[in-house]
Amino acid sequence: MQRLLGGPETAWLLERVRNRIAAGRPLDASATLRSATPGQRRAAEALLGRRLRAGASLTVPLAEVDRVLRESLACPDGLAAAVVALTGPVGDKRAQDAALAASWQQVLAELDQPAVTDRPELASWPAMLAATGLLKRLSGSDPAIARQLAADIVRVLALLPSDGLALPVLAARALGDAHALDDGRPLTTLVLSGVRHLAGLPAATTAGAEGRRAAWAAVGVALDELSSRVLVLGLPGSPRGTVGRVLAAAREGGEPCVLTLRQLVRQVPDLGLDEHVVRICENPAVLAAAADELGPGCPPLVCAEGTLSAAARCLLRHLRDRGCRLAFHGDFDWGGIRIATGVLRLFGATPWRYDAVSYLAAVERSLGSPLTTGSPVPTPWDPALGEAISHHRVRVEEEHLIDQLLTDLRSP
């Protein structure tokens, strides 16, 4: 058997037979080798005891090899037994593939948790991970590693969105390691994929360092306590506490004030507010105009500066918990709608001149420009607003409406 089938010239034939056995396929076909060497041809002819058709390729009928081995008693149990004797046991590839597929199903089952399944924004995300192979690739195609990654992802997502956490704090709370979500780690890439879905952010907008910062900010997480900030005007503050004194001084001077996440989380700040109306704008130009026009007389005003930062979320939570009534205004475009949706849903805010009537009035005054970016999103507080924007496809930036907003701010 070794002389007939075990030499280097027949190694290709053994490999072909092993593959067929592993795949559960019968040995009743032929094995063909293109560009066979003279030595490989001579070995095949010696095995079969006859000359084979001339040509560059070599075709060996496996059934005939099986017959030769049995009749010559070189291997009375046939070709399959000879391959095992010469090369070792052959695994059942179909069973192995089935077991591997079951392992990957168990990986995806780790994502079948309320932190994922209870959120419509994440409905398509697990399927995306499977379809793109992102989880498989980042785990090195190891189901055990992938399963641990999936479990860690769920632990992080369960704490999101946050009302203002630094990224190391989030990592420590969710995973017991303050560096577990550092840049460049497979887990960080996977969690950010879920974060983008959770916040409704296109992947293109979250590329690069600034994009990652924006993605984390969209779910209330800051890379550190000092880089996340929120811009305010007219918050009374108080003599008690550092933040209270800073706010009081800024209001007295009629100047905007920047608060960092550190100032808002290290101790509960005394904002000097209780059941007040606090208005929220999207763009710093509105807050700057209010400071110029109203100065110390400006009522409490918070600027989101686009997507809410972790510091902004933390401040709005403090205001909400003190019984303040929040009112939001932003750009009339799909980005502004997304920001408004989060503010209204998370903090119980109401619209401030942010409805279909206000939008249509601005369009009639030709204040807008063509809306060319973004995908439509619902406006549950006023369904007619989303319909109007979809119909007119005009973007009205908040800066065009400053006069109206200042009129409201001048009112008692």
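You'll find the structure just up there.
Anyway, here's the lowdown on the structure attached to this text. Quick caveat, the model's predicted, so the values are computed rather than measured.

### A few points about the overall build of the protein chain
So, point 1. When you go through the protein chain residue by residue, the secondary structure sums to 21 helices and 12 strands.
So, point 2. The C-alpha radius of gyration of the protein chain comes to 34 Å, more than 25% above the 22 Å expected for a compact globule of 412 residues.
So, point 3. By its C-alpha atoms, the protein chain is 105 × 50 × 35 Å across when sized along the principal axes.
So, point 4. Looking at the 412 residues of the protein chain, the share that counts as buried comes to 45%.
So, point 5. When the accessible surface of the protein chain is split by element, carbon and sulfur atoms take 53% of a total near 19700 Å².
So, point 6. Taken as two groups, the 44 positive and 44 negative side-chain charges of the protein chain have centres that lie 10 Å from each other.

### Concerning the side chain of S309
So, point 1. Mapped onto the fold, S309 is located in the loop between β8 (301-303) and α17 (310-321).
So, point 2. On the basis of relative accessible area, S309 is assigned to the buried category, the value being 13%.
So, point 3. In contact with S309, not counting residues within four places along its chain, are A217, S228 and R229.

### Brief notes about the packing of aromatic side chains
So, point 1. Here the structure, examined in full by the defined rule, presents four aromatic pairs.
So, point 2. Relative to Y354, the ring of F332 lies with its centre 4.8 Å away and its plane at 15 degrees, an arrangement referred to as stacked. Of this pair, F332 sits in the loop between β9 (325-328) and α18 (334-347) while Y354 is found in the loop between β10 (350-351) and α19 (356-364), placing the two residues 22 residues apart along the sequence. Taken individually, F332 and Y354 each receive the classification buried, so the pair is uniform in this respect.
So, point 3. Every member of this aromatic cluster is reached through a ring pair, and the members are F328, F332, Y354, Y359 and W381.
So, point 4. Sitting over the ring of W104, K136 keeps its end group 4.9 Å from the ring centre.
So, point 5. Its end group placed over the ring of W352, R279 keeps NZ or CZ at 4.9 Å from the ring centre.

### Here's the deal with helix α14 (residues 242-253)
So, point 1. Taking 1.5 Å as the rise per residue, α14 with 12 residues should run 16 Å; its terminal C-alpha atoms sit 17 Å apart, in good agreement.
So, point 2. All of the buried residues along α14 are V243, G244, L247 and A250. The buried residues of α14 occupy an angular sector of 135 degrees when projected down its axis, which confines them to one face.
So, point 3. Buried residues along α14 sit in contact with β5 (229-233), β6 (257-260) and α15 (261-265).
So, point 4. G254 sits one or two positions beyond α14 and adopts a positive phi of about 65 degrees.

### Description of the sheet that holds β9
So, point 1. Spatial strand order, β6-β5-β8-β7-β9-β10: six strands in an open sheet with mixed pairing. The sheet is open, and its two borders are formed by β6 and β10, each paired with just one other strand.
So, point 2. Here three bridges tie strand β7 (residues 277-281) to β8, and the two strands are oriented parallel to one another. Within β8, the residue paired with C281 across the bridge is C303.
So, point 3. Where helix α16 (residues 284-294) meets the sheet, it contacts β5, β7 and β8, and its direction lies at approximately 30 degrees from that of β5.
So, point 4. Set on the sheet, α17 makes contact with β5, β6, β7, β8 and β9; between it and β5 the angle comes to about 50 degrees.

### Focus on helix α11 (residues 167-175)
So, point 1. Turning to α11, its buried residues are L167, L170, A171 and A174. Considered in projection along α11, the buried side chains sweep an arc of 100 degrees and stay on one side of the axis.
So, point 2. Buried residues along α11 sit in contact with α10 (143-157), β3 (165-166), α13 (208-218) and β4 (221-222).

### Observations concerning unusual backbone geometry
So, point 1. The omega angle of the peptide bond from L160 to P161 is -5 degrees, so this bond is cis rather than trans.
So, point 2. Within the element layout of this structure, P161 appears in the loop between α10 and β3.
So, point 3. A positive phi angle, close to 50 degrees, is found at E305, a residue other than glycine.
So, point 4. Exposure remark for E305: the relative accessible area of 30% places this residue in the partly exposed category.
So, point 5. In this structure, R393 is a non-glycine residue whose phi angle is positive, near 50 degrees.
So, point 6. On the secondary structure map, R393 appears in the loop between α20 (383-392) and β12 (394-395).

### Focus on the packing of α19 against α20
So, point 1. Between α19 and α20, whose axes approach to 8 Å, the crossing angle comes to 25 degrees. The angle between α19 and α20 places the two elements in the roughly parallel class. Of α20, the residues touching α19 (which contributes A356, Y359, L360 and V363) are A384, L385, A388, I389 and H392.
So, point 2. A breakdown of the residues in the contact of α19 with α20 according to their chemical character gives eight nonpolar, one polar and no charged.

Analysis parameters
- Residues numbered from 1 in each chain as written.
- Predicted model: local features only at pLDDT ≥ 70, side-chain atom pairs only at ≥ 80, totals over all residues.
- Heavy atoms only, no water.
- Helix = DSSP H or I, 4+ residues; strand = E, 2+ residues; numbered from the N terminus.
- Rg over C-alpha atoms; globule rule 2.2 N^0.38 Å.
- Buried < 20%, exposed > 50% of the residue type's maximum accessible area, 1.4 Å probe, protein only.
- Areas by Shrake-Rupley, 256 points an atom, 1.4 Å probe, with all protein chains shown as cover.
- Lys, Arg positive; Asp, Glu negative; His and termini not counted.
- Charge placed at Lys NZ, Arg CZ, Asp CG, Glu CD.
- Contact = heavy atoms within 4.5 Å.
- Phe/Tyr/Trp six-rings, centres within 6.5 Å; stacked < 30°, edge-to-face > 60°.
- Lys NZ or Arg CZ within 6 Å of the ring centre and 35° of its normal.
- Expected span 1.5 Å × (residues − 1).
- Arc of directions from axis to C-beta.
- Pairing = 2+ DSSP bridges.
- Axes fitted to C-alpha atoms, helices over the stretch in contact; angles between N-to-C directions.
- Parallel < 35°, antiparallel > 145°, perpendicular 65-115°, else oblique.
- Nonpolar A, V, L, I, M, F, W, Y, C, P; charged D, E, K, R; others polar.

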